[in-house]
Structure formats: C-alpha cells, structure tokens
Amino acid sequence: MKQIEVVAAIIYDNEKYFATQRGYGEFEGLWEFPGGKIEKGESHENALRREIQEELGVDISIDGFICTTDFDYPSFHLTMHCYLCTILVGELELREHKSARWLVLSSLDEVMWLPADKEIVEYLLENRYEE
Ligand SMILES: Nc1nc2c([nH]c(=O)n2[C@@H]2O[C@H](COP(=O)(O)OP(=O)(O)OP(=O)(O)O)[C@@H](O)[C@H]2O)c(=O)[nH]1
C-alpha cells in the first residue's frame, strides 16, 4: 500500500489550538492540523516550517514533539508526526484552507476531524499540552 509521511503543527496560543478546514480534495470540509508531506531528504522541522509558511504565511517556532500516529486509509497508510508550535512572525492567512478556528481543549470535539486526527485530539485532551 502507498505510504505517506506527514508533519503537522499543533499551533498553540493562549490556551487555544489552531484547527484548519480542508479546502479541496477527497477530505474537503474535514478539519486537520496544518502541515503536509515531507519531501525527500527533508528534516521534519524544515518540512513543517516550509508547509506552514506556504499554507498560512507565518514563521513558526517548533517547541516540542507531541506524538506520531499511524492510520490506514482505504488507499494509503499515513504516518503523521505532530509538533507543538507557536507563531513567531506574521499574520495568519488561509491560503489553502477554507476556514480555521482557535479551539480551547474543551471545544476540540466541536469540529469534524479527519479520521487520523481523532487519536491526536484524544492525546491532547489527556496530556493537556501548554506553552
Ligand atoms: N496536513 C495534514 N494532513 C493530514 C492530517 N490528517 C490526515 O489524515 N492528513 C492526511 O495526510 C495527507 C497529506 O497531507 P497534505 O496536506 O500534504 O495532502 P494533500 O493531498 O493536500 O497534498 P498535495 O497538496 O501534495 O496534493 C492527506 O491525505 C491528508 O488528508 C492533518 O492533521 N494534517
């Protein structure tokens, strides 16, 4: 089966987490943590900084590793590495997503997450990551 390796940013500010809604493709309308595929030879950190700059127009600080999750979609196997991040420079701008929300922990379940992200949300709820 096809393997996809992705990095995702759990962007945190003032007790809220930044969730984005996919604007195109098979999973349009579902919510995710921004990020994307790691290119050949690229480090997780560089991939994450590049993707977040491309998608949201901001520079981030990567403050810690949260977890890696694996998920079997019908047509590919996903490995996703999640990092706790904060915004360093820039104003958030939705260049690819159709919508975004800052969610406190208790409202993380108010949006329809991509299937692979449910485990991440549970992990955040259990571990209560903070700056
Ligand atoms: N960025 C991101 N991707 C996720 C998450 N959860 C999850 O299942 N994915 C899946 O991981 C895959 C890769 O993400 P991507 O953003 O690079 O995908 P894409 O299809 O838009 O890539 P493309 O822009 O190269 O076409 C997608 O199939 C996406 O649905 C998540 O929280 N963040």
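Only a predicted model underlies this, so the values are computations on that prediction, with no experimental measurement involved. (Residues numbered from 1 in each chain as written. Predicted model: local features only at pLDDT ≥ 70, side-chain atom pairs only at ≥ 80, totals over all residues. Heavy atoms only, no water.)

Observations regarding unusual backbone geometry
Okay, step 1: The residue Asn14 is not glycine, and still its phi comes out positive at about 50°.
Okay, step 2: Here Asn14 shows up in the loop between strand 1 (2-13) and strand 2 (16-21).
Okay, step 3: You will see that Glu15, though not glycine, has its phi angle at about 65°, which is positive.
Okay, step 4: Position of Glu15 among the secondary structure elements: in the loop between strand 1 and strand 2.
Okay, step 5: By relative accessible area, which is 54% here, Glu15 ends up exposed. (Helix = DSSP H or I, 4+ residues; strand = E, 2+ residues; numbered from the N terminus. Buried < 20%, exposed > 50% of the residue type's maximum accessible area, 1.4 Å probe, protein only.)

Re the site of the ligand
Okay, step 1: Neighbouring the ligand are 16 residues; Arg22, Tyr24, Phe33, Tyr73 and Asp117 lie closest to it.
Okay, step 2: Gly35 places a main-chain nitrogen or oxygen 3.3 Å from a nitrogen atom of the ligand.
Okay, step 3: Protein chains shield 78% of the accessible area of the ligand, which is 620 Å² for the free molecule.
Okay, step 4: Looking at the shell around the ligand, the elements that each hand over two or more residues are strand 4 (35-37) and strand 6 (76-89).
Okay, step 5: Each residue belonging to the shell around the ligand can be placed in one class, and the counts come to 10 nonpolar, two polar and four charged. (Near = heavy atom within 4 Å. Polar contact = N/O pair within 3.5 Å; in protein donor to acceptor, adjacent residues only side chain to side chain. Areas by Shrake-Rupley, 256 points an atom, 1.4 Å probe, with all protein chains shown as cover. Nonpolar A, V, L, I, M, F, W, Y, C, P; charged D, E, K, R; others polar.)

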